[in-house]
Amino acid sequence: MNNADPHNSLLTEKIKLWGQELGFQHVGISDIDLSAQEPKMLDWLEKGFHGEMHYMETHGTKRSRPAELLPGTVSIVSVRLDYLPEDAKFASTLEQPNQAFISRYALGRDYHKVIRNKLKKLGQMIEKEIGVDNLAFRPFVDSAPVLERPIAEKAGLGWTGKHSLLLNNQAGSWFFLGELFLPIALEQDQAVENECGACVACITTCPTQAIVEPYVVDGRKCISYLTIELKGSIPEQYRKPMGNRIYGCDDCQLICPWNRFAQLSTEPDFAPRSQLNSISLLELWQWQEPHFLKMTEGSPIRRIGFECWMRNIAIALGNAPFSLKVVEQLNSKLTLISDMVDEHIQWALEQQQQKANDKGVDSRKLKRLIKAIKIGLPRDA
Ligand code: B12
């Protein structure tokens, strides 16, 4: 380290260059002072907005005090990795209720591994440059107690949108964040201006009204939480608004005007796998557990496990237009997976029967239907 240059300007420049060479679209640097965020974070937890994401509360102030997580940390390198795949047409699946909608971020390889590997390389390049063995650096992506969005905001990667995600006026929000904690003083970047203005599109479009005030998401209401984080039964009031969203939700980003400027990902690992950008609900419903594990290998989807996957698809099938095929397929999985999934199948069958009634399905068809659903439904409809 250079005493004449306490902020290591040259090293800072090199880190940014190397970060871009490794494939990150934006590299920024901040200090570790998150004291302005801490009360807001504690307030969010106090209100219970984390629901069953107990990992959000178990680490105390480590999340808002980076040096408690990694002692000696004085600077944080924040990185942005765009994930919007080239074949971006699949948002149209939201209008096709027999197709499955999976969040754009989850179509390719698990981003945790992709970003962590790159950040580790960046740390090793810094180690080599300054000639220190075992430099106390650590890469983080999502899975550690780190306030990633506020850190990236301090590092100038963008501003916090009203949906609570980081937005950039040249890149929208379709990107992941990652950080490299470092025990070295570096030149810091400046935060940028908030450019949301009077726009409230993300707030009004949210299917479950999860953005309870500008910049604050009640996690318990967010479809992303309900389909990915929640392990048990999905509260009934959210099932219809889920539509065909079976893994995460992108509505607050799809509506955001800044995403007109989103850049396509150049990362081959984020290209859609297993045709998950264009696949029918019924096809997914027929996957047995070993097939699910095979098809989601290396994907973030695998993390939710087969039971929650089937729970989510059951709801989407309940939301699909009435069809005998759907009713038969729902029935065929009853008692096979778990009580929790059965309860969602029953709900889906009720939705299907309701739609059959509304459609005035003719008696011959209805007979076949009732035969098909005789194990599954209340008989009063
Ligand atoms: C928990 C979590 C969730 C939860 C809770 C969401 C939330 N808003 O906290 C759930 C499961 C719902 C979720 C959903 C999604 N997530 Co998420 N999630 C996280 C995680 C692990 C922690 C976020 C956190 O700290 N929350 C706690 C609260 C306290 O933080 P907060 O919302 O930022 O709260 C702040 C605001 O309330 C703010 N605030 C309050 N009042 C005011 C007023 C003003 C004026 C301002 C500016 C701010 C402000 O202060 C609080 C404290 O900083 C991060 C990764 C990480 N380790 O940081 C990823 C992360 C935020 N998620 C990410 C993504 C991609 C998503 C989804 C898009 C995935 C999907 N498609 O389904 C959705 C988007 C939903 C949404 N609108 O938030 C990315 C976001 C990238 C980006 N561009 O910003 C992250 C950074 C992961 C990553 N490494 O890339 N997520």
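Located above this text is the structure these notes cover.
Residues numbered from 1 in each chain as written. Predicted model: local features only at pLDDT ≥ 70, side-chain atom pairs only at ≥ 80, totals over all residues. Heavy atoms only, no water.

Student: Give a description of the sheet that holds strand β1 (residues 26-30) that names residues and reports values.
Tutor: Sheet architecture is open: four strands sit in the order β1-β2-β7-β4, paired in antiparallel fashion. Two strands close off the open sheet at either side, each with one partner strand: β1 and β4 (138-140). Across the sheet, the mean angle from the axis of one strand to that of its neighbour is 20°, orientation sign disregarded. Of the pairings in the sheet, the one linking β1 to strand β2 (residues 75-82) comprises five bridges and is antiparallel in character. Bridging across to β2, Val27 finds its partner in Val79. Against the sheet, helix α1 (residues 9-21) contacts β1, β2 and β7 (175-182), and its axis sits at roughly 145° relative to β1. (Pairing = 2+ DSSP bridges. Helix = DSSP H or I, 4+ residues; strand = E, 2+ residues; numbered from the N terminus. Axes fitted to C-alpha atoms, helices over the stretch in contact; angles between N-to-C directions. Contact = heavy atoms within 4.5 Å.)

Student: An account of the packing of aromatic side chains is needed here, citing residue identities and associated values.
Tutor: Across all of its chains, the model carries 13 aromatic pairs by this definition. Ring geometry for Tyr83 versus Trp174: centroids 6.2 Å apart, planes at 80°, classification edge-to-face. In this pair, Tyr83 sits in the loop between β2 and β3 (101-102) while Trp174 sits in the loop between β6 (166-167) and β7, placing the two residues 91 residues apart along the sequence. Residue Tyr83 shares its accessibility class with Trp174, and that shared class is buried. For the ring pair Phe292 and Phe306, a centre distance of 5.8 Å and an interplane angle of 55° mean the geometry is tilted. On the criterion of sequence distance, the pair formed by Phe292 in helix α12 (residues 289-295) and Phe306 in helix α13 (residues 305-319) is long-range, its members being 14 residues apart. A single burial state applies to Phe292 and to Phe306, both of which are buried. Three or more aromatic residues link up through ring pairs in this structure, and these residues are Tyr83, Tyr105, Tyr111, Trp174, Phe176, Tyr247 and Phe270. Positioned over the ring face of Phe175 is Arg80, at 5.5 Å from the centre of the ring. Just above the ring of Trp174 sits the side chain of Arg104; from NZ or CZ to the centre is 4.5 Å. (Phe/Tyr/Trp six-rings, centres within 6.5 Å; stacked < 30°, edge-to-face > 60°. Buried < 20%, exposed > 50% of the residue type's maximum accessible area, 1.4 Å probe, protein only. Lys NZ or Arg CZ within 6 Å of the ring centre and 35° of its normal.)

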